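# Coordinate analysis (summary)
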Amino acid sequence: MKIITGKTGTNHVASADDRALNAGIFGTDNYVLNVGSKFAATIETSNNIVIADGELLINGTHARIPHGEPETVIIENGTTGYNRIDLIVARYTLASGIESVESFVIKGAATSGTPTQPSYTQGNVLSGVEVADMPLYAVQLSGVNIVSITPLFTVATGLDDVYRKNEVEKRVRL
């Protein structure tokens, strides 16, 4: 057994310890937390989408875009007469013992018909995978224009929301 929240005299808390606690509290799936702008997406130009602040968990791994520091993701040009769906994902990477999470665009296949979403790297960080994608948005292009941005994430209910819901249900039963 390993103590996490106690002083031991040596550096002993690892990212896996924090990840395990987050997964125990929120669940082991991928979630956007119910704070800030929740990664609201705005089309800035025909190639740029601005992602606002937010907090997320990828299998307990916490990552964020801080308030006031939006990120711009670049969508490659579309092609006149063709349709495409790209994915904006949060990509977790473990390389040479160093972990990171970054916004990443997965380009879909262009088609003259109905486009399909591209595949992404699925995996559970708690199991030790080196790459795992959390889909945030599907970006649909028709020709050179972005026609829609569809959220693909679940917003986690905070404990305060659960408490308020239980209080309302108690009052309704009385």
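Residues numbered from 1 in each chain as written. Predicted model: local features only at pLDDT ≥ 70, side-chain atom pairs only at ≥ 80, totals over all residues. Heavy atoms only, no water.

## Some words on the pairing of strand β4 (residues 54–58)
The condition is simple: In this scheme, a residue with accessible area under 20% of its type's maximum is buried, one over 50% is exposed, and one in between is partly exposed, where area comes from a 1.4 Å probe on protein chains only. Secondary structure elements follow DSSP: runs of H or I of four or more residues count as helices, runs of E of two or more count as strands, with numbering from the N terminus. A pair of strands is treated as paired once DSSP finds two or more bridges between them.
In terms of burial, β4 is largely enclosed, as five of its five residues are buried. Taking every second residue as pointing to the same face, both faces of β4 are buried, with Gly54, Leu56 and Ile58 on one and Glu55 and Leu57 on the other. Hairpin connection of β4 to strand β5 (residues 61–65): two residues between the antiparallel strands, including Asn59 at a positive phi of 50°.

## Points about helix α1 (residues 15–26)
Test applied: Multiplying 1.5 Å by the helix residue count minus one yields the expected span of that helix. In what follows, residue pairs with any heavy atoms lying within 4.5 Å of each other are defined as contacts.
For α1, which comprises 12 residues, the first-to-last C-alpha distance of 16 Å matches the rise-based estimate of 16 Å (1.5 Å per residue) to within 8%. Within α1 the residues assigned to the buried category are Asp17, Arg19, Asn22 and Ala23. Buried-residue contacts for α1 involve β4, β5, β7 (83–95) and β8 (98–106). Immediately downstream of α1, the backbone of Gly27 shows phi near 115°, a positive value.

## Quick notes on the sheet that holds β4
On the basis of which strands lie adjacent, the open sheet formed by four strands has the order β5-β4-β1-β11 and mixed pairing. Each edge of the open sheet is held by one strand with a lone partner, namely β5 and β11 (155–156). The sheet contact formed by β4 and β5 spans five bridges and is antiparallel. Counterpart to Leu56 in the pairing with β5 is Ala63.

## Notes on the environment of Gly68
Along the polypeptide, Gly68 turns up in the loop between β5 and β6 (71–74). Classification of Gly68 as exposed rests on a relative accessible area of 61%. Measuring from C-alpha to C-alpha, the distance between Gly68 and Thr157 comes to 23 Å, with 89 residues separating the pair along the chain.

## Side note on the nonpolar core
Short version of the rule: In this text, buried Ala, Val, Leu, Ile, Met, Phe, Trp, Tyr and Cys residues form a nonpolar core when linked through side-chain atoms within 4.5 Å.
Judged by nonpolar contacts, the single largest core of 22 residues is most densely connected at Ile49, Ile51, Leu56, Ile88, Met134 and Leu136. Contributing elements (two or more residues each) for this core: β3 (48–51), β4, β5, β7 and β9 (131–142). When residues of this core are assigned to their parent elements, the largest contribution, six residues, is made by β9. With residues up to four places along the chain from it excluded, the contact list for Ile49 reads Ala41, Thr42, Glu71, Thr72, Val73, Ile75, Ile88, Val139, Ile146 and Ile149. If you look at the next biggest cluster of nonpolar residues, it comprises five residues, including Ile85, Leu87, Ile106 and Ala138.

## Re the sheet that holds β6
We count it as follows: Axis geometry follows a simple rule: fit a line to the C-alpha atoms, using only the stretch in contact for helices, then measure angles between N-to-C directions, giving values from 0 to 180 degrees.
Ordered by their spatial adjacency, three strands build an open sheet running β2-β3-β6, and the pairing between neighbours is antiparallel. Looking at the sheet topology across the chains shown, the edges are occupied by β2 (41–43) and β6. Each neighbouring strand pair of the sheet contributes to a mean axis angle of 30°, computed without reference to strand direction.

Just geometry here; none of it tells us what the structure is for.
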